[in-house]
Amino acid sequence: YIPGGHGKSPVDSLRLLASAAIPEISVANFDAICAEQFGIKSSSARSALTTMRGLGLYDIAGRNKFTASAAAQEWLDSGDDIALLRIVHCHMRFVGELLQHVDSLKRAPSLHELAVSEYGVEAANKSTTSRIMQLLHGTGMIQEVAYAQYETTTLGKRLLEELPLAMPKSERERAAIL
């Protein structure tokens, strides 16, 4: 869960929360920032905290304290949101891989079906694919070409060339036969 609203994109939200953890942030302060900036309750803030850790943007700094990871600090220092995608790609399934299939499938539901069948993403978590698409859109890797239909941008294609990608299940099975 990445909090949003109040005019903040998912990328802006991650930037704000990562910045708030330099040098460190307590759970109570995290909750307070989430309430103030996003208008969310403590339970939703805890989900966002779990997301920050899962995306590789937070490290544990002590009991109920977190700090921005070294990778997150490098992203913030660089001002380059492509660095954010590299971090997220390393910590989450189907980020770069989604980028590889956007031009042929175009819509989140079709991409989610592929994520489940070929890349092992949990079937129940449909919002994951949409959230990845929001991050890719917010960083200029994909663009909306019609209502809820996307295609990869030139920048996205360049990023795709540098990311190590997981092989789809069908290709792994085909390779095992050969």
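Just above sits the structure.
Presented here is an overview of the structure given in this document.

### Concerning the overall build of the chain
Consideration 1: Secondary structure summary: the chain contains 10 helices and five strands in total.
Consideration 2: Its C-alpha atoms give the chain a radius of gyration of 17 Å, within 12% of the compact-globule value 16 Å for 178 residues.
Consideration 3: When the backbone C-alpha atoms are referred to their principal axes, the chain occupies close to 55 × 35 × 35 Å.
Consideration 4: When burial is assessed residue by residue, the chain has 42% of its 178 residues classed as buried.
Consideration 5: Here the contacts in the chain between residues at least 6 apart in sequence split such that 56% fall between residues at least 24 apart.
Consideration 6: For the chain, the computed accessible surface area is about 9,400 Å², with 50% contributed by carbon and sulfur atoms.
Consideration 7: Side-chain charges of the chain comprise 18 positive and 20 negative groups, with the mean position of each set lying 6 Å from the other.

### Some remarks on the packing of aromatic side chains
Consideration 1: For the structure shown, the criterion picks out three aromatic pairs.
Consideration 2: For the pair Phe-94 and Tyr-119, a centre-to-centre distance of 5.2 Å together with 45 degrees between the ring planes defines the contact as tilted. Here Phe-94, found in the loop between α5 (81-91) and α6 (96-105), pairs with Tyr-119, found in helix α7 (residues 108-119); they are 25 residues apart in sequence, far enough to count as distant.
Consideration 3: A relative accessible area of 2% places Phe-94 in the buried class.
Consideration 4: Through pairs of rings, three or more aromatic residues link up here, namely Phe-30, Tyr-58 and Phe-66.

### Quick look at the pairing of strand β2 (residues 58-62)
Consideration 1: With four bridges connecting them, β2 and strand β3 (residues 65-68) associate as antiparallel partners. Counted as the bridge partner of Asp-59 is Thr-67 from β3.
Consideration 2: The antiparallel pairing of β2 with β3 creates a hairpin that spans two residues between the two strands, and Asn-64 there sits at a positive phi of about 60 degrees.

### Side note on the packing of α6 against helix α9 (residues 154-162)
Consideration 1: The interhelical angle for the contact between α6 and α9, taken along N-to-C directions, is 130 degrees, at an axis separation of 10 Å. Comparing the axis directions of α6 and α9 gives the class oblique. Judged by the twist between their axes, the crossing of α6 over α9 is left-handed. Across from Gly-96, Leu-99, Gln-100 and Asp-103 in α6, the residues of α9 making contact are Gly-156, Lys-157, Leu-159 and Leu-160.
Consideration 2: Partitioning the contact of α6 with α9 into residue classes produces three nonpolar, three polar and two charged.

### Things to note about the side chain of Ser-13
Consideration 1: If you trace the backbone, Ser-13 turns up in helix α1 (residues 10-20).
Consideration 2: Given the relative accessible area of 0%, Ser-13 is considered buried.
Consideration 3: When residues no more than four places from it in sequence are discounted, the contact partners of Ser-13 are Ile-2, Pro-3, Gly-4, Lys-8 and Phe-38.

Criteria and cut-off values
Residues numbered from 1 in each chain as written. Predicted model: local features only at pLDDT ≥ 70, side-chain atom pairs only at ≥ 80, totals over all residues. Heavy atoms only, no water. Helix = DSSP H or I, 4+ residues; strand = E, 2+ residues; numbered from the N terminus. Rg over C-alpha atoms; globule rule 2.2 N^0.38 Å. Buried < 20%, exposed > 50% of the residue type's maximum accessible area, 1.4 Å probe, protein only. Contact = heavy atoms within 4.5 Å. Areas by Shrake-Rupley, 256 points an atom, 1.4 Å probe, with all protein chains shown as cover. Lys, Arg positive; Asp, Glu negative; His and termini not counted. Charge placed at Lys NZ, Arg CZ, Asp CG, Glu CD. Phe/Tyr/Trp six-rings, centres within 6.5 Å; stacked < 30°, edge-to-face > 60°. Pairing = 2+ DSSP bridges. Axes fitted to C-alpha atoms, helices over the stretch in contact; angles between N-to-C directions. Parallel < 35°, antiparallel > 145°, perpendicular 65-115°, else oblique. Left-handed = near helix turned anticlockwise from the far one by under 90°. Nonpolar A, V, L, I, M, F, W, Y, C, P; charged D, E, K, R; others polar.

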